[in-house]
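Descriptive analysis of the structure
Residue strings, one per chain:
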Amino acid sequence: MTIATEIQVEELRAELRNADAAERRQIEVELELAQAELAATAEQEGTFDPAPPF
């Protein structure tokens with residue numbers, strides 16, 4: 001499921017780059033939800049590191 005969600009995030013980012021003003025907010029909401037799902041999955045699997053990468 002993680003890979004499918006990662007693909008969805010990338011597709012939403014691409015859509016957001018090409019979206020007009022009317023579509024932008026809806027795509028942003030969908031992107032936020034997909035990113036939250038990815039973070040929750042990573043946290044459950046123990047792969048989420050809240051520390052900065054530096």
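Our structure's up above, just so we're on the same page.
Here we summarise the structure given alongside this text. (Residues numbered from 1 in each chain as written. Predicted model: local features only at pLDDT ≥ 70, side-chain atom pairs only at ≥ 80, totals over all residues. Heavy atoms only, no water.)

**Side note on helix α2 (residues 21–45)**
The end-to-end C-alpha distance of α2 is 37 Å, a good match for the 36 Å that 25 residues give at a rise of 1.5 Å each. Within α2, the full set of buried residues consists of Ile 27, Leu 31, Ala 34, Thr 41 and Ala 42. On its buried face, α2 is in contact with α1 (2–18). Gly 46 lies just past α2 and shows a positive phi near 80 degrees. (Helix = DSSP H or I, 4+ residues; strand = E, 2+ residues; numbered from the N terminus. Expected span 1.5 Å × (residues − 1). Buried < 20%, exposed > 50% of the residue type's maximum accessible area, 1.4 Å probe, protein only. Contact = heavy atoms within 4.5 Å.)

**Quick notes on the pattern of salt bridges**
Two side chains carrying opposite charge are able to pair once their charged atoms lie near each other. Tallied over the entire structure, the rule returns three salt bridges. As a salt-bridge pair, Glu 10 and Arg 13 come within 2.8 Å of each other at their nearest N and O atoms. Taken together, the positions of Glu 10 and Arg 13, both in helix α1 and three residues apart, correspond to about one turn of that helix. With a closest N to O distance of 3.3 Å, Glu 28 and Arg 25 form a salt bridge. (Salt bridge = Lys/Arg side-chain N within 4 Å of Asp/Glu carboxyl O.)

**Notes on α1**
Taking 1.5 Å as the rise per residue, α1 with 17 residues should run 24 Å; its terminal C-alpha atoms sit 25 Å apart, in good agreement. Buried residues of α1: Thr 5, Val 9, Leu 12 and Leu 16, and no others. Relative to the axis of α1, the buried residues are bounded by an arc of 65 degrees and lie together on one face. Exposed side of α1, more than 90 degrees from the buried face: Ile 3, Arg 17 and Asn 18 are the residues found there. Elements that come into contact with the buried residues of α1 comprise α2. (Arc of directions from axis to C-beta.)

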